[in-house]
Amino acid sequence: MAEPGERRGRPKTFPRRIALKDGRVATIRLMVKKDKDKLLRFFRGIPEEERMFLRDDVTKPETIEAWARDLDYSTILPIVAEIEGRIVADATLHRRPYGWMQHVAEVRIVVDPTFRGKGLGHALLAEILDIAGTWGMEILVSELTPEQKPAIKLVKSVGFKREATLRRHVKDLIGTPRDLLVLTRRLTQE
Ligand SMILES: CC(C)(COP(=O)(O)OP(=O)(O)OC[C@H]1O[C@@H](n2cnc3c(N)ncnc32)[C@H](O)[C@@H]1OP(=O)(O)O)[C@@H](O)C(=O)NCCC(=O)NCCS
């Protein structure tokens, strides 16, 4: 059966190996159920102030267990990057199976702080763009706060444009309201 990452006319399969800017090699592959412990360790290494940008409490084993239990690649596609048996980055593509937003998917990416600036974020985002195309998505969305400067730069570097600012729409861990930027990348000609 075809992998979700397979592209029309140009098959792309996981796992794949990519070289980072520092010469290390990472394996990019789909998340599988047995990644639970590795993922928990990965998310516990993400600084607390950054975890506010994530939707779930990823430091709780039950959160990761629920992800593994409910794994359904057709609605949420999780890709991980692994180096020497350790998960160092996670990217997910989210889509809705029904309704007026079924042509719109959302992307989320987190890279372990010690592995940033080496090209992993860019490599995972390129995978996500590719897969969103094979899914027939027309719009990719990234929701960020103005404080997430590296993420804003990353998504803009692959063509995302700022579409809207929702003023004081989200709150950080201590309850301070922050703006929410909605950036989109069109995958089809309008
Ligand atoms: C955003 C994030 C995923 C980038 O991952 P990364 O592996 O460091 O990214 P890359 O090494 O591929 O860098 C890609 C581009 O991002 C930008 N970037 C990366 N680190 C940056 C930094 N510290 N400051 C500014 N821009 C930065 C640059 O444009 C870079 O391109 P360049 O190398 O040509 O300059 C990472 O910083 C992260 O996990 N941040 C916290 C979580 C987050 O905000 N996620 C976004 C939510 S969807």
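Use the structure listed above.
Residues numbered from 1 in each chain as written. Predicted model: local features only at pLDDT ≥ 70, side-chain atom pairs only at ≥ 80, totals over all residues.

### Describing the pairing of strand 5 (residues 104-111)
Extensive coverage of strand 5 is indicated by the burial of 6 of its 8 residues. As paired elements, strand 4 (residues 86-95) and strand 5 share 7 bridges and run antiparallel to each other. Considered in strand 5, the bridge of Ala89 is made with Val111. In terms of strand pairing, strand 5 meets strand 6 (residues 139-144) through 3 bridges, oriented parallel. (Buried ≥ 20, exposed ≤ 12 C-beta atoms within 10 Å, placed from the backbone. Helix = DSSP H or I, 4+ residues; strand = E, 2+ residues; numbered from the N terminus. Pairing = 2+ DSSP bridges.)

### With respect to the environment of Gln148
Turning to its location among the elements, Gln148 is positioned in the loop between strand 6 and helix 5 (149-157). With 17 C-beta atoms counted inside 10 Å, the residue Gln148 sits in the partly exposed group.

### A closer look at the site of the ligand
In the region of the ligand, 22 residues are neighbours, and Arg116, Gly121, His122, Pro150 and Ala151 sit closest. Counting residues per element, the ones that place at least two in the shell around the ligand are strand 5, helix 4 (120-134), strand 6 and helix 5. Ranked by residue count, the leading element in the shell around the ligand is helix 5, at 6 residues. Split by residue class, the shell around the ligand holds 9 nonpolar, 7 polar and 6 charged. (Near = placed C-beta within 6 Å. Nonpolar A, V, L, I, M, F, W, Y, C, P; charged D, E, K, R; others polar.)

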